Structures are given as C-alpha cells and as structure tokens.
Amino acid sequence: MPLWTLDPFLLACALLLALAIDGRWGEPPAAFHPVVWMGRALGWAGMRIAPLQATGRDMRSFCAAALVWCALAAIVLIVSGALQWVAITLLPVWGAALVVGLLLKPLLAWRMLRGEVLAVEDALAQSLDAGRERLSWLVSRDVQGLDAAAVRESAIESLAENLSDSVIAPLFWFVLLGLPGAALYRFANTADAMWGYPGMRGGRYWQWAGKWAARADDVLSWLPARITAVLLWGVSRGNGARLTDLRAQSRLTPSPNGGWPMGAMALALGVRLSKPGVYVLNAPGRAPQAADTQRAVHLVSKTLLALVVLAVTALLLIAIVHTHV
C-alpha cells in the first residue's frame, strides 16, 4: 500500500496509542528494542570502517561508511514497511492501529528522557559528584569539571535537544511517511550518535567515517528541530522573546539544528545554557536553579501535547476530507 494512501484515522490512533504505551510502560526490554538492534549493527560495522588513528582526507572510509549506512537504512525501511503493510492489509483498522502503535512506540522515548533529566536533579540534591555521575548517563561530554549550575545546564540542554531527536522528529516523520519514516529517522539519529564525531572516540577516528551519518541526521532533523523550537516558544508565550531572538540564539551553536530547541528552552526559562568553550545561549540569563529543571520538564510536556493536538487534528481533518471526496 503506498504511503500516501495510509488511513489518516489509523495513523492518528497509532500515534496516540504509542504515546499512551510510552507513558504507562516506557521502554521495552533491550532484547526486543529495534533501536538497540540498530545500535548493535552500527557498532559492529563502525568498528570495521573507522580507522584506529587520525588520518588526512579519507574518502575510502567516507565512501565505505556511506554505503554501509545506505544498506542498513534500506533494511530498516524494508522491514518497517513490510510490517506496516502486513498489519494494514491483514487486519481491520483497529487491529492495524494497535500493531502499528506498538511498533511505533520503541521509536520514541519521552518517559525515559523525562526520567533521566529528573534523575540528574535528584542526584544533585544528594551531592555534586552524584549529579555529575548521573549526568554522564545522559550526555557524552566530560562532566568531571562541571559545577552544580553547569550540570543542571547540561541536563536541561539535553532535555530540549532530545525532545526534538527522540520524540518530535520520530512523530513528525511518522505522520508524514508512516512507520518507515519514523524508523528511518531513528536509524539516522542513532547513526549520528554513534558515528557522527569530528575526531577520535572509542579508539576510532570518525572525522571521515562519520561524516555521512552526521549530514544525514542534519537533513532529517532540520524541520523537526525548528518545529520543536517554535512550539517551545509558543507554549511559553515567548517569555518576552521574539522569534528573531530565537533565530539569533540558534546560530550560536556548531550544530545547524541543536541550537533551535536549546535556544528556545533558554529563552523560555530565562536562564543561561552553555557548553564550556563552545557556546553560550541567552548569555544575559541567570544560572538555572533546581526549580528550573521542573519548569523545563513542564514546558516540554506542554510542547509535546501541543504537537499531538496539531498532528491528530490535521490527520482527522484529512480523514474527514477523504470520506467526502
């Protein structure tokens, strides 16, 4: 069944079901988690592609990684598309919505993200060392030199950026292209997280081997990151900031996408968010306090609700139009 003929009502029900499952049970066991499978495949392949030491211009590693990325992406698309086709073809609408919702759930992770960010704040309440240790579960940067404010900043930044990467972007691509769209996005995002580094990591040199994965994720995340930022800005009513201020903040980070949701969060909370030696967002803002973590989680919950209302409304309107054509 072509993607453009998918029943919008089915997509809306599957989306709501996936979010309900996530809110009630969270992540499935690792043995049954498709993103874990993607990570294992990428890890196995990456260790055979990325060189052990720094090199100059390395088109061989770049081309090999690009080909492997495309091959794995094709497998993801074929498997997810086949599962969706079987569900829609063999089951009634309610049964297909149930199966597609169950398959969509592992491709988004709001409950886990929320829990990890709040766990950092709980650990900080015990001690700075505990906060640093818990933050290391959430970010890849070196956390040992961070003070309490910097630990909190990093957690809030991660919440904002991963709202786009782990929740809104998969839902965006699901609404647009069905289950294969969400699956392809999570594959691309996982590949970027594992391969998309500008130097050495894990004993391998990723400057060229990870370039394709990083650029692919940039492309697929471009619109969802901006949607996330605008929704964050909207639910906070701008907090006195204009959209032009948001655009200015987004340009301060090396990432073409990460600065949008992080900048929107900094403006919405009125706090400063930074990565030492790399960027400072909303520089005039105050240092975040413990209450700001809770405020950030609340803003993200409202942002997700706004997206779901917009997406479901759009899908149901499309379904109504289809029934009258």
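Whatever comes next refers back to the structure up there.
Calculation rules
Residues numbered from 1 in each chain as written. Predicted model: local features only at pLDDT ≥ 70, side-chain atom pairs only at ≥ 80, totals over all residues. Heavy atoms only, no water. 1 Å grid on protein atoms, 1.4 Å probe; cavity = no way out; pocket = protein on both sides within 12 Å on 5 of 7 lines; lining within 4 Å. Points joined across faces, edges and corners; volume = space filled by probe spheres on them. Helix = DSSP H or I, 4+ residues; strand = E, 2+ residues; numbered from the N terminus. Nonpolar A, V, L, I, M, F, W, Y, C, P; charged D, E, K, R; others polar. Buried < 20%, exposed > 50% of the residue type's maximum accessible area, 1.4 Å probe, protein only. Contact = heavy atoms within 4.5 Å. Patch = residues over 30% accessible without salt bridge, like charges linked within 9 Å, V, L, I, M, F, W, Y side chains within 5 Å. Areas by Shrake-Rupley, 256 points an atom, 1.4 Å probe, with all protein chains shown as cover. Salt bridge = Lys/Arg side-chain N within 4 Å of Asp/Glu carboxyl O. Polar contact = N/O pair within 3.5 Å; in protein donor to acceptor, adjacent residues only side chain to side chain. Axes fitted to C-alpha atoms, helices over the stretch in contact; angles between N-to-C directions. Parallel < 35°, antiparallel > 145°, perpendicular 65-115°, else oblique. Left-handed = near helix turned anticlockwise from the far one by under 90°. Phe/Tyr/Trp six-rings, centres within 6.5 Å; stacked < 30°, edge-to-face > 60°. Core = buried A, V, L, I, M, F, W, Y, C linked by side-chain atoms within 4.5 Å. Expected span 1.5 Å × (residues − 1). Bend = angle between axes of the 7 residues up to and from the residue.

## Re the layout of surface pockets
Empty space within the second largest pocket amounts to approximately 430 Å³. What lines the second largest pocket is a set of 18 residues, among which Pro-34, Trp-37, Met-38, Val-76 and Val-79 lie closest to the centre. Mapped by element, the contributors of at least two residues to the lining of the second largest pocket are helix H2 (34-49), helix H3 (59-90), helix H4 (93-104) and helix H8 (179-195). No other element matches the six residues that H3 contributes to the lining of the second largest pocket. Taken together, the residues of the lining of the second largest pocket break down into 17 nonpolar, one polar and no charged.

## A closer look at the side chain of Thr-228
Within the secondary structure layout, Thr-228 lies in helix H9 (residues 211-235). Looking at Thr-228, the relative accessible area reads 0%, which means it is buried. The contacts of Thr-228, once residues within four sequence positions are left out, are Leu-163, Ser-164, Ile-168, Pro-261 and Thr-303.

## Examining a nonpolar patch on the surface
A contiguous nonpolar surface patch, about 390 Å² in accessible area, is contributed by Trp-85, Val-86, Leu-90 and Leu-91. On the secondary structure map, Leu-90 appears in helix H3. Judged by its relative accessible area of 64%, Leu-90 is exposed.

## A look at the side chain of Asp-292
Here Asp-292 lies in helix H12 (residues 290-323). Of note is the side chain of Asp-292, whose polar atom sits 2.8 Å from the side chain of Arg-295. Beyond its immediate sequence surroundings of up to four residues, Asp-292 is in contact with Ile-156, Leu-269, Val-271, Arg-286 and Ala-287.

## Brief notes about the pattern of salt bridges
Under the criterion given, the structure shown has 11 salt bridges. Note that Asp-218 and Arg-215 form a salt bridge whose closest N and O atoms lie 3.7 Å from each other. Of the two residues, Asp-218 and Arg-215 both sit in helix H9, three residues apart, roughly one turn of that helix.

## Some points on the packing of H3 against H8
Between two packed helices, the angle of one axis relative to the other and the distance separating the axes together describe the packing. Here H3 crosses H8 at 150 degrees, and the two axes come no closer than 8 Å. Viewed along their axes, H3 and H8 adopt a mutual orientation that is roughly antiparallel. Pair H3 / H8 crosses with right-handed handedness. Judged by residue contacts, Ala-65, Val-68, Trp-69, Leu-72, Ala-73, Val-76, Leu-77, Ser-80, Gly-81 and Gln-84 of H3 engage Leu-179, Pro-180, Ala-183, Leu-184, Phe-187, Ala-188, Ala-191 and Trp-195 from H8. By residue class, the composition of the contact of H3 with H8 is 15 nonpolar, three polar and no charged.

## A look at the environment of Met-112
Considering the arrangement of structural elements, one finds Met-112 in helix H5 (residues 110-126). Spatially, the C-alpha atoms of Met-112 and Ser-127 are 23 Å apart, while their sequence positions differ by 15 residues.

## Considerations on the packing of helix H7 (residues 148-177) against H12
The N-to-C vectors of H7 and H12 enclose an angle of 10 degrees; their axes lie 10 Å apart at closest approach. Considering their axes alone, H7 and H12 lie roughly parallel with respect to each other. In this structure, H7 contributes Arg-152, Ile-156, Leu-159, Leu-163, Val-167, Ile-168, Leu-171 and Val-175 to the contact, and H12 contributes Ala-290, Asp-292, Thr-293, Ala-296, Val-297, Val-300, Thr-303, Leu-304, Leu-307, Ala-311 and Leu-315.

## Notes on the packing of aromatic side chains
Pairs of aromatic rings are described using the distance from one ring centre to the other and the angle between the two planes. Applying the stated criterion across every chain, the model contains five aromatic pairs. Both rings, one in Trp-69 and one in Phe-187, keep their centres 5.4 Å apart while their planes meet at 55 degrees; by these two values the pair is tilted. Of this pair, Trp-69 sits in helix H3 while Phe-187 is found in helix H8, placing the two residues 118 residues apart along the sequence. Looking at Trp-69, the relative accessible area reads 9%, which means it is buried. Exposure remark for Phe-187: the relative accessible area of 2% places this residue in the buried category.

## Examining the nonpolar core
Counting 94 residues, the largest nonpolar core has Trp-69, Leu-104, Leu-159, Leu-171, Trp-195 and Met-265 as the members making the most contacts within it. In terms of residues, this core owes the most to one element, H7, which gives 14 residues. If near-sequence neighbours (up to four positions away) are discounted, Met-265 is found in contact with Ile-156, Leu-159, Ala-160, Leu-232, Leu-273, Ala-296, Leu-299 and Val-300.

## Observations regarding H7
With 30 residues, H7 extends 42 Å from end C-alpha to end C-alpha; this agrees with the ideal 44 Å at 1.5 Å per step. Residue Ile-168 marks the point of greatest curvature in H7, where the axis turns by about 40 degrees; the proline Pro-170 follows within four residues. For H7, a buried count of 23 out of 30 residues is recorded, marking the element as mostly surrounded by other parts of the structure. Two or three places before Ala-149, at the opening of H7, Asp-147 has a side-chain oxygen 3.3 Å from that residue's backbone nitrogen. After H7 finishes, the residue Gly-178 shows a positive phi value of roughly 80 degrees.

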